[in-house]
Amino acid sequence: MTKEPVDFRISLAETNIIKGIAICAMLFHHLFFETDTYGFFTQQVAIICKVCVSMFLFVSGYGLAIQYSKQAKQISIPLKIICTIKFLLKRFRKFYLNYWVIFALLVPLGVFALGRPLSVAYGTETAIWQNLIKDIFGIQGGDSYIITWWFNALIISLYLLFPILYWLMGNGLIAIGALTLLLLWPRDYIVGNFFYIFELWNSNLIIFSFVFTFGIFAARHSDLLNKILNKIRAQAVLILSFFISVGLCFARQIWAECYADAITIDAFLTVFIALSVISFCRLTKLQIKPLALLGKHSMNIYLFHTFLLMYFFPKFMYGTNFPLLIFAALLGESLIISMLLEFAKKKLGFYKLYV
C-alpha cells in the first residue's frame with residue numbers, strides 16, 4: 001500500500017503561523033537582546049530571535065511569487081510588463097496605506113505628547129524635513145522616527161527587485177547560480193565592484209536578499225521540492241527539520257564570526273522552521289489559531305511595538321523581573337491595540353481603498 005502524498009507547499013494559514021512565530025521572536029529580540037539583566041540564557045535566546053527578519057522575508061518572497069505566478073501566466077511580454085507594474089503598484093499601495101495610518105498616529109503622538117521631537121530622530125533643522133519626507137516613504141532606514149522601521153527600506157528595495165529575482169528563479173541552473181552569488185556575495189572579486197551600488201543604496205540589502213530570493217525559488221519550484229520531500233516520511237521531515245533548527249540555533253551563537261555570518265545561518269534556520277511548521281500542521285491537522293491570529297496582525301505589531309516599548313510604556317513594560325511576563329505584556333498590549341485599530345479601519349471603510 002503506497003503512502004498518501006503530503007503537500008509541503010506553504011498555505012496561507014501556515015504563512016500566518018510562520019509570521020506569528022516571527023512577530024513573537026521580534027518582540028522577544030527587542031526586549032532582551034541588549035541586556036543580560038534577565039540571565040545569560042534569556043539574552044542568547046533573544047539574540048537568536050533576530051531570525052524573525054529572515055522569516056518575514058522568506059514568506060514575503062514566497063507569497064509574492066505565488067500571487068504573481070497566478071497573474072502573469074501564459075501572456076505576451078508587453079502584457080506581462082503591464083501586469084508586473086500593476087502587481088507592484090498594488091503591493092506598494094497595500095504597504096503604504098497600512099504604514100501611513102500608523103505613521104500618522106504615532107509620529108504626532110511622539111512629537112506633541114511624549115517629548116520625542118523630530119530633531120531627535122532626524123538631526124539638525126536643515127535635515128529634518130528632508131528626512132521626514134524620506135521616512136514618510138519608508139526609505140529613511142535606521143534613522144527613521146522609530147528605529148525598527150529600518151526594515152521598511154529593505155522590503156521596499158526587495159519589492160522593486162522582485163520582477164528580476166522572479167525571472168532569475170525560473171530556470172533551475174540560473175537560479176542556483178544566482179542563489180550561490182547572493183549567498184557568497186564575492187564583492188571583493190567582482191571587477192569594478194559593480195554590484196556594490198546595492199550596498200550603497202541599502203546596507204542590509206545584500207545580506208538579507210538571499211532568504212527573500214530563496215522564498216521566490218521555493219514558490220517557483222514548489223512542485224519539485226514537494227516531490228523530493230515526499231520521498232521521506234512526513235514524520236521524519238518533522239523530526240529532522242526540528243532538530244536541524246535547534247542545531248542551527250547553536251551554530252549561530254558558536255560559529256558565526258560576524259553579523260553577515262549570523263544572517264546567513266538565519267536564512268537556513270528560517271527554511272527549517274518553516275518546514276517544521278508545515279509538516280507539524282500536515283501531520284496533526286492543527287491550525288494553531290493563536291499564532292495564525294498573531295500573523296494576521298504582524299505588520300501592525302511590527303510598526304508600533306517599539307513605540308510602546310521605548311516611548312509609551314517603558315517602565316511599565318519592564319515592571320517585573322520575569323522575562324515571560326514582560327514578553328506577554330508587550331505581546332498582549334500590541335495585539336489588543338492592533339485589533340482595535342483593525343476594527344476602526346473596517347468601520348471607517350479603510351479597506352475599500354485596496355480595491
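Located above this text is the structure these notes cover.
Residues numbered from 1 in each chain as written. Predicted model: local features only at pLDDT ≥ 70, side-chain atom pairs only at ≥ 80, totals over all residues. Heavy atoms only, no water.

Draft legend 1. View of the packing of helix α1 (residues 12-32) against helix α13 (residues 259-284). Orientation of α1 relative to α13, taken along the N-to-C sense of each, is 130 degrees, at an axis distance of 10 Å. Relative to α13, the element α1 is oriented oblique. Along this stretch, α1 crosses α13, giving a crossing that reads as right-handed. In this structure, α1 contributes Glu-14, Ile-17, Ile-18 and Ile-21 to the contact, and α13 contributes Ala-274, Val-277, Ile-278, Cys-281 and Arg-282. Considered class by class, the residues forming the contact of α1 with α13 number 7 nonpolar, no polar and 2 charged. (Axes fitted to C-alpha atoms, helices over the stretch in contact; angles between N-to-C directions. Helix = DSSP H or I, 4+ residues; strand = E, 2+ residues; numbered from the N terminus. Parallel < 35°, antiparallel > 145°, perpendicular 65-115°, else oblique. Left-handed = near helix turned anticlockwise from the far one by under 90°. Contact = heavy atoms within 4.5 Å. Nonpolar A, V, L, I, M, F, W, Y, C, P; charged D, E, K, R; others polar.)

Draft legend 2. Examining the packing of aromatic side chains more closely. Taken as a whole, this structure holds 28 aromatic pairs when the rule is applied. In this structure an aromatic cluster arises from ring pairing among Phe-92, Phe-95, Tyr-96, Tyr-99, Trp-100, Phe-103, Phe-137, Trp-149 and Tyr-159. Here the guanidinium or amino end of Arg-116 rests over the ring plane of Tyr-145, the centre of that ring lying 4.9 Å away. The side chain of Arg-220 reaches across the aromatic face of Tyr-166, ending 3.9 Å from its centre. (Phe/Tyr/Trp six-rings, centres within 6.5 Å; stacked < 30°, edge-to-face > 60°. Lys NZ or Arg CZ within 6 Å of the ring centre and 35° of its normal.)

Draft legend 3. Here's a closer look at the side chain of Ser-276. As for its position among the elements, Ser-276 is in helix α13. Beyond its immediate chain neighbours, meaning those up to four positions away, Ser-276 contacts Leu-238, Ser-241, Phe-242 and Ser-245.

Draft legend 4. Geometry of the packing of α1 against helix α2 (residues 40-48). Between α1 and α2, the least distance of the axes is 8 Å, while the angle of their chain directions is 130 degrees. Considering their axes alone, α1 and α2 lie oblique with respect to each other. Considering how the two elements wind past one another, α1 and α2 form a crossing that is left-handed. Listed contacts from α2 to Phe-28, His-29 and Phe-32 of α1 are Thr-42, Gln-43, Val-45, Ala-46 and Ile-47. Split into classes, the residues belonging to the contact of α1 with α2 amount to 5 nonpolar, 3 polar and no charged.

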